[in-house]
Amino acid sequence: MLPVLLFFVAHWQISVFFQTFFLHRYGAHKQFTMSKGWERFFFLCTYIAQGSSFLSPRGYAILHRMHHAYSDTEKDPHSPLFYKNVFTMMLATKKRYDAFAYYRETAEPRFEADLPSWPLLEKIGQNWAARLAWIGVYTAFYVHFATSPWLFALLPAHFIMGPIHGAIVNWCGHKYGYRNYQSKDVSRNTLFFDFLTAGELFQNNHHEFSMSPNFAARRFEIDPTYPAIVLLDKLGIIHIATPQRMRYPRRPESETELETPVAAE
């Protein structure tokens, strides 16, 4: 049982790390820069980490940029305000994602500018034969190491792990938690220490300061991806762009004030 649980946790954490580090903070926002060689390296790492659920940097970035531009309005590609449950939101998001990832639709120029591109790897990553091969690898691991039938209930999560991470962030990050900033959308911070999605659930902080590579804004908030970004910057592998500095005016005096926060200056 232990090998299966360790494999599940490792796959979850590695997959969500590359989703937030490469697809989101680099691909969609360009919060830091890197050479073409390192871009290809992290592109490949993202493909290996996500496997059968590989998300095209193009499709991901366009949808995410639209999400920021139209957050929680009818033009938002994945706002929970317009869906009855997370499953209908996921299906609608997939349809919009596919339109851009497979070049069936052209987005506004501002959403398509400066995207990571590796046509060969994108073609492989979005090929169904390759996706099925990854599914076969995950299944073989479970067949070999699973010691109880209930463990196989975890297997489908490996198949669509990337979309699962996105669904958690887009649903929970706009429905549950507290707000540090009085943004126009309904974004929220769901966890104080985001061990689940590597910092992505600090949605309210991120929507207020979208170019900050640190998604945590207050002393008790921990974004586990940010130290890795700082380390890679110090090693010269990436170069943090001039970042926005998150500002929280003052410490709230009560739990009520935490739920109705002071607006950013």
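Quick notes on the rules
Residues numbered from 1 in each chain as written. Predicted model: local features only at pLDDT ≥ 70, side-chain atom pairs only at ≥ 80, totals over all residues. Heavy atoms only, no water. Core = buried A, V, L, I, M, F, W, Y, C linked by side-chain atoms within 4.5 Å. Buried < 20%, exposed > 50% of the residue type's maximum accessible area, 1.4 Å probe, protein only. Helix = DSSP H or I, 4+ residues; strand = E, 2+ residues; numbered from the N terminus. Salt bridge = Lys/Arg side-chain N within 4 Å of Asp/Glu carboxyl O. Phe/Tyr/Trp six-rings, centres within 6.5 Å; stacked < 30°, edge-to-face > 60°. Expected span 1.5 Å × (residues − 1). Arc of directions from axis to C-beta. Contact = heavy atoms within 4.5 Å. Polar contact = N/O pair within 3.5 Å; in protein donor to acceptor, adjacent residues only side chain to side chain. pLDDT = per-residue confidence, 0-100.

A.B. asks: Just to check I follow, could you spell out the nonpolar core for this structure?
C.D. replies: One broad rule of soluble globular proteins: the nonpolar side chains tend to lie buried together. In terms of nonpolar packing, the biggest core is built from 34 residues, with Phe21, Phe22, Phe32, Met34, Phe42, Ile62 and Ile238 touching the most fellow members. Those elements that place two or more of their residues in this core are α1 (2-28), β1 (32-34), α2 (36-50), α3 (57-69), α4 (86-101) and α11 (226-234). The element that contributes the greatest number of residues to this core is α1, accounting for six residues. In this structure, Phe8, Trp12, Leu155 and Met161 belong to the second largest nonpolar core, which totals 13 residues.

A.B. asks: Would you explain the pattern of salt bridges in this entry?
C.D. replies: One pass over the structure, following the stated rule, counts six salt bridges. Asp98 is the partner of Lys94 in a salt bridge, and the nearest nitrogen-oxygen pair spans 2.6 Å. Of this pair, Lys94 and Asp98 both sit in helix α4, four residues apart, roughly one helical turn. Using a relative accessible area of 47% as the deciding quantity, one classes Lys94 as partly exposed. In this structure, Arg110 engages Glu108 in a salt bridge whose closest nitrogen and oxygen atoms are separated by 2.9 Å. Of the residues examined, Glu108 reaches a relative accessible area of 35% and is grouped as partly exposed.

A.B. asks: Can you help me understand the packing of aromatic side chains in this one?
C.D. replies: To describe a pair of aromatic rings, you give the distance between the ring centres and the angle between the ring planes. Summed over the entire model, instances satisfying the criterion amount to 28 aromatic pairs. An angle of 85° between the planes, with centres 5.8 Å apart, marks the rings of Tyr47 and Trp134 as edge-to-face. With Tyr47 in helix α2 and Trp134 in helix α7 (residues 128-145), the pair connects residues that are 87 residues apart, well separated along the chain. The exposure class assigned to Tyr47 is buried, which follows from its relative accessible area of 10%. Where Phe141 meets Phe145, the ring centres are 4.6 Å apart and the plane angle is 40°; that geometry is what we call tilted. Placement of the pair is Phe141 and Phe145 together in helix α7, with a separation of four residues, close to one helical turn.

A.B. asks: Any chance you could explain α7 here in plain terms?
C.D. replies: Each full turn of the α-helix corresponds to 3.6 residues, which orients residues three or four apart in the same direction. Compared with the 26 Å implied by 1.5 Å per residue over 18 residues, the 26 Å span of α7 between its first and last C-alpha is a close match. For α7, the full list of buried residues reads Ala130, Arg131, Tyr138 and Tyr142. Down the axis of α7, the buried side of the element spans an arc of 125°, and every buried residue falls inside it. Looking at α7, the residues exposed on the side facing more than 90 degrees away from the buried face are Ala129, Leu132, Val143 and His144. Elements that come into contact with the buried residues of α7 comprise α1, α2, α6 (119-125) and α8 (155-159). Between the side-chain oxygen of the N-cap and the backbone nitrogen of Ala129 there are 2.8 Å, and the N-cap of α7 in question is Asn127.

A.B. asks: Explain the confidence of the model for the chain here, please?
C.D. replies: Detail in the predicted coordinates should be disregarded across regions flagged by low pLDDT. When the pLDDT values of the chain are averaged, the result is 91; 92% of them are 70 or greater. Confidence, expressed as mean pLDDT per element, reaches its minimum in the chain at helix α12 (residues 255-259) with 41 and its maximum at α2 with 98. Low confidence marks residues 250-265, where pLDDT is under 50. Its contacts with residues over four positions away, or in another chain, come to 32 contacts.

A.B. asks: I keep staring at the side chain of Ser183 and nothing clicks. Help me out?
C.D. replies: Among the secondary structure elements, Ser183 is positioned in the loop between α9 (161-172) and α10 (203-208). Since its relative accessible area comes to 15%, Ser183 is described here as buried.

A.B. asks: What should I look at first to understand α2 in this one?
C.D. replies: Taking 1.5 Å per residue, 15 residues should reach 21 Å; α2 reaches 21 Å between its end C-alpha atoms and fits that length. Residues of α2 that are buried include every one of Glu39, Phe42, Phe43, Cys45, Thr46, Tyr47, Ala49 and Gln50, and no others. Gly51 occupies a position one or two residues after α2 and carries a positive phi of about 55°.

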